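# Descriptive structure summary
Here is how the chains run, residue by residue.
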Amino acid sequence: MREGLTNGIRHGRCTRFFVSIAIRDGLLELLMDNDGSSAAGSNPGIGLCAMRSRVGALGGTMDVFASPEGGYRFRVRLPVGDPPFSP
């Protein structure tokens, strides 16, 4: 969530965010929409790439895409229950 907020403010010049956290179909879902400006054609930076890697290591997925209302949508889904690794 912090990375989504930071990127939205720093790179997208966002002034508003909508954040939703819910459990659906055995997944914890973090959904964040913002009113940021377009970064069409840009590649994800180090922060988003590192986050995608950490989320993947936990068996989850992460997506960042243009929101239908304008701005961007950031979605992280993580499995609920036992972690996919042992301590």
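Before any of the text, the structure's been laid out above.
I will try to describe carefully the structure that is included in this document. The structure presented is a predicted model; accordingly, all values stated were derived computationally and were not measured.

## Re the overall build of the protein chain
What the protein chain contains, in helices and strands, is two helices and four strands. Listing the helices and strands of the protein chain from first to last along the sequence gives α-β-β-α-β-β. The buried share among the 87 residues of the protein chain stands at 29%. Pairs at least 24 apart in sequence give 46% of the contacts found in the protein chain among residues at least 6 apart. A total of about 6000 Å² of accessible surface is found on the protein chain, and carbon and sulfur atoms cover 57% of it.

## Structural notes on the nonpolar core
Counting eight residues, the largest nonpolar core consists of L30, M32, L48, M51, V55, M62, F74 and V76. Those elements that place two or more of their residues in this core are β2 (27-34), α2 (46-57) and β4 (72-79). With three residues, the top contributor of residues to this core is α2. Non-local contacts of M51, meaning those with residues more than four positions away in its chain, are made with M1, E3, M62 and F74.

## Side note on the pattern of salt bridges
The final tally for this structure, using the stated rule, is four salt bridges. Here R73 makes a salt bridge to D33, at a shortest N to O gap of 2.7 Å. Highlighted residues: R73 in strand β4 and D33 in strand β2, separated in sequence by 40 residues. Through salt bridges with shared partners, a single ionic network connects R24, E29 and R77.

## Remarks on the layout of surface pockets
Computed from the structure, the second largest pocket encloses a volume of approximately 170 Å³. Lining the second largest pocket we find M1, I21, L28, L30, M51, R54, V55, L58, F74, V76, R77 and L78. Going through the elements one at a time, β2, α2 and β4 are the ones with two or more residues in the lining of the second largest pocket. With four residues, the single largest contributor to the lining of the second largest pocket is β4. Residues belonging to the lining of the second largest pocket are distributed by class as follows: ten nonpolar, no polar and two charged.

What counts as what
Residues numbered from 1 in each chain as written. Predicted model: local features only at pLDDT ≥ 70, side-chain atom pairs only at ≥ 80, totals over all residues. Heavy atoms only, no water. Helix = DSSP H or I, 4+ residues; strand = E, 2+ residues; numbered from the N terminus. Buried < 20%, exposed > 50% of the residue type's maximum accessible area, 1.4 Å probe, protein only. Contact = heavy atoms within 4.5 Å. Areas by Shrake-Rupley, 256 points an atom, 1.4 Å probe, with all protein chains shown as cover. Core = buried A, V, L, I, M, F, W, Y, C linked by side-chain atoms within 4.5 Å. Salt bridge = Lys/Arg side-chain N within 4 Å of Asp/Glu carboxyl O. 1 Å grid on protein atoms, 1.4 Å probe; cavity = no way out; pocket = protein on both sides within 12 Å on 5 of 7 lines; lining within 4 Å. Points joined across faces, edges and corners; volume = space filled by probe spheres on them. Nonpolar A, V, L, I, M, F, W, Y, C, P; charged D, E, K, R; others polar.

What is shown is where atoms sit, not what they do.
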